[in-house]
Amino acid sequence: MEYMASIRSAEMARLGLLASVVLGGAIGACAGVQPHSTDQAAGGHAGTNGLAGASGSASASGAAGMVSPPPTRDASVAMDGPPPITDFPPTPVIGDPNVPANAPTLFGGTPRTSGAPCVTAPEPNTLMPRNWLRPKFQYAPGSGENLFQIQLSTAAFASTYTIYTTQTTYTLDATFWSQLRISVNDQPINVTVTAMTVSGSGTAQLDPSAPARSSFTIAPVDAPGKIVYWAIPNGSSDGILRGFGIGEESVEDVLTGPQVQPPASSVALSDGCIGCHTATPDGKAVGFAFGPHNNSGDTYYDTIVDIEPATLGYAPSIVDPTQLSTIRTMHGIPAYSGSHWSTGDHIALLMDGQNHGDLDWVQLDAAGQQGTLARTGDTNGATEPTFSHDGKTIVYVSTTSIADGRLANGPTDLCTVPFNNRTGGSSVKVTGAPGSPCNPAGAASPANTNYYPAFSPDDRYLTFTHVTGGQTAYSNNQAEIFVVDAAGATPPMRFAANDPPACQASQHSPGVTNDWSKWAPEATAAANGTIYYWVTFSSIRNGRPQLFVAPMTVTAGAVDVSYPALYLWNQPSTDDNHTPSWDDYQIPPIKID
């Protein structure tokens, strides 16, 4: 079995890839984060629609204009691990010791016509990367049933794979998953879950339910990179960074406040809580807002430290001490570009320390080299910039409402300005009325509060967070994630991954705080002609902030964002997990004995 190698533009071939992680981080440091119990009242169900009032009329999930695909290369590499399989094993799997020996016979009768379980994972039409976590089947019985039959089938195989369990979750065997994921790609695997009630002696007390039906498809490509996210561990109040590679079944601490060493930290500022963070393009360091212990104030200033084990917590050797002191007086979410990350050109984009909304650049490796980018046509402030990977373009939030380096309240539009060798230039809108000037205060489209933009790895698209009207950007449970082409030439599209499972009647979006969407560091072209993108985001649909992944595909220029969310079940479910950053982080692999 072979797979297509990932694609990047020439400037991204070096490790300098930015997941311009426009993250809304620490409480008080980044918009959109507060304890999950304080979110606003839930809103109604929105469906999978485009964003009305931005770039024209609303658009349903589907084509977002014809966009020529980025260049591809075929590095066809044989996959390691067990060999592929050509059929499902015919012998049923007994998932736990409480399953009665006669379970196959019990499910052999005529099922009821109702009472199907609510399957929450995988949802119908799920798309997962080939190196994804082992599929975990999750379902809730309709009438308190205590015995379940899970069956998998696909047109590629003659047999059906059957599992019996008394539990409401079941995770595929690791060896079996390593075979299945390379054996059935780009075609649906159908899932049915049936429930019944049995006595302690194995006698049927409630006949099998109607089957709940779902499906998932394994993409013919892997998802690259590693995710590093802002976490408040259970029982703690200081934010730390944790991370993992795709498919790894646990997480690891990447950086904690006490590990940050002076002068990257300050005793005078009571530094201890790590906030919004961005990977440097080489993946060896993070820039972030650093604030007081216990989130005890809105005085977060920027800093940058290594995350490699030998130099963990120290400022990178390329950073001039004077420039470190400079960024320690500045606010905002740092942004970098792989095209401006070399000797004599290590550039960070930040915001001034007085919340004026200046879009500043700092050359980290040369004392005294910093300045403000011109944004001709925009007298608003600028915050939350994202830097294109080719180093030519910046997209930012144009606003008159800034607090501690972050967006406070809408309405806002996304605007773009050229980097232009550190000078800036004319600023025009990407959302609202694309191509028009980012005019003085009050010119934002009244229907939009758009924020946290992030360039796709090929710079063709932007993902961003949206709430309707001029609402707060701080932990707004009405937030949803969207995507638009980088020029705003077509209407923004709403990710279907915003929606919780349809059978969970009490959960709807808007209403579950979907935000901080960030791209995987590569878009991957497959032999089937489809380009695969992956976006991570945070959501409170499970009761507290947790991380998810939203797939996006582009085939013949048509964009498809109709896929449901993938839950990252390797994260601690008792932690509050926010602001995921997906990049080529140089952190150790996680191995579980």
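The present account deals with the structure reproduced in this document. Computed from a predicted model, the values in this text were never measured in an experiment.

1. Remarks on the overall build of the protein
Piece 1. From N to C terminus, the protein includes three helices and 42 strands.
Piece 2. Considering the protein as a whole, with its 593 residues, one finds that 62% of them fall into the buried category.
Piece 3. Nonlocal contacts in the protein, meaning residues at least 24 apart in sequence, comprise 66% of its contacts between residues at least 6 apart.
Piece 4. Accessible surface, the protein as shown: approximately 20100 Å² in total, 52% of it carbon and sulfur.

2. Some details on the nonpolar core
Piece 1. Among the nonpolar cores identified, the biggest contains 73 residues, and Leu 152, Leu 172, Leu 180, Trp 534 and Met 552 are the most heavily contacted of them.
Piece 2. With 20 residues, the next largest nonpolar core counts Trp 230, Leu 241, Val 286 and Val 305 among its residues.

3. Some points on the sheet that holds strand S32 (residues 448–455)
Piece 1. A sheet is described by the order of its strands in space; here four strands give the open sequence S32-S33-S34-S35, paired in antiparallel fashion. Each edge of the sheet is formed by a strand with only one pairing partner; in this case those strands are S32 and strand S35 (493–494).
Piece 2. Note that S32 and strand S33 (residues 461–468) share six bridges and pair antiparallel. Following the sheet pairing, Tyr 451 is matched in S33 by Thr 465.

4. Examining the sheet that holds strand S25 (residues 381–387)
Piece 1. Here four strands make up an open sheet; going across it, the order is S25-S26-S29-S31 and the pairing antiparallel. With one partner strand each, in any of the chains shown, S25 and strand S31 (428–429) form the two edges of the open sheet.
Piece 2. Alignment of strand S26 (residues 393–399) against strand S29 (residues 413–418), held across six bridges, turns out to be antiparallel. For Ser 398, the partnering residue across the bridge sits in S29 and is Asp 413.

5. Points about the state of the cysteines
Piece 1. This structure, assessed with the given rule, holds two disulfides.
Piece 2. A sulfur-sulfur separation of 1.9 Å characterises the disulfide bridge that pairs Cys 118 with Cys 503. Between Cys 118 and Cys 503 the disulfide shows an S-S torsion of about 70°. By sign, it is right-handed. With a gap of 385 residues between them, Cys 118 in strand S5 (residues 118–121) and Cys 503 in the loop between S35 and strand S36 (515–519) connect regions that are remote in the sequence.
Piece 3. With relative accessibility at 15%, the residue Cys 118 sits in the buried group.
Piece 4. At a sulfur-sulfur separation of 1.7 Å, the disulfide partner of Cys 415 is Cys 438. Its S-S torsion of approximately -115° makes the covalent link between Cys 415 and Cys 438 left-handed. Remark: Cys 438 occurs in the loop between S31 and S32 and Cys 415 occurs in strand S29; sequence separation between them is 23 residues. Like Cys 438, Cys 415 is buried.

6. Focus on the environment of Leu 462
Piece 1. As for its position among the elements, Leu 462 is in strand S33.
Piece 2. Overall, the relative accessible area of 0% leaves Leu 462 in the buried class.
Piece 3. Beyond its immediate stretch of four places on either side in the chain, Leu 462 contacts Thr 386, Val 395, Val 430, Ala 454, Phe 455, Phe 482, Val 483, Val 484, Ala 486 and Trp 519.

Criteria and cut-off values
- Residues numbered from 1 in each chain as written.
- Predicted model: local features only at pLDDT ≥ 70, side-chain atom pairs only at ≥ 80, totals over all residues.
- Heavy atoms only, no water.
- Helix = DSSP H or I, 4+ residues; strand = E, 2+ residues; numbered from the N terminus.
- Buried < 20%, exposed > 50% of the residue type's maximum accessible area, 1.4 Å probe, protein only.
- Contact = heavy atoms within 4.5 Å.
- Areas by Shrake-Rupley, 256 points an atom, 1.4 Å probe, with all protein chains shown as cover.
- Core = buried A, V, L, I, M, F, W, Y, C linked by side-chain atoms within 4.5 Å.
- Pairing = 2+ DSSP bridges.
- Disulfide = S-S within 2.5 Å.

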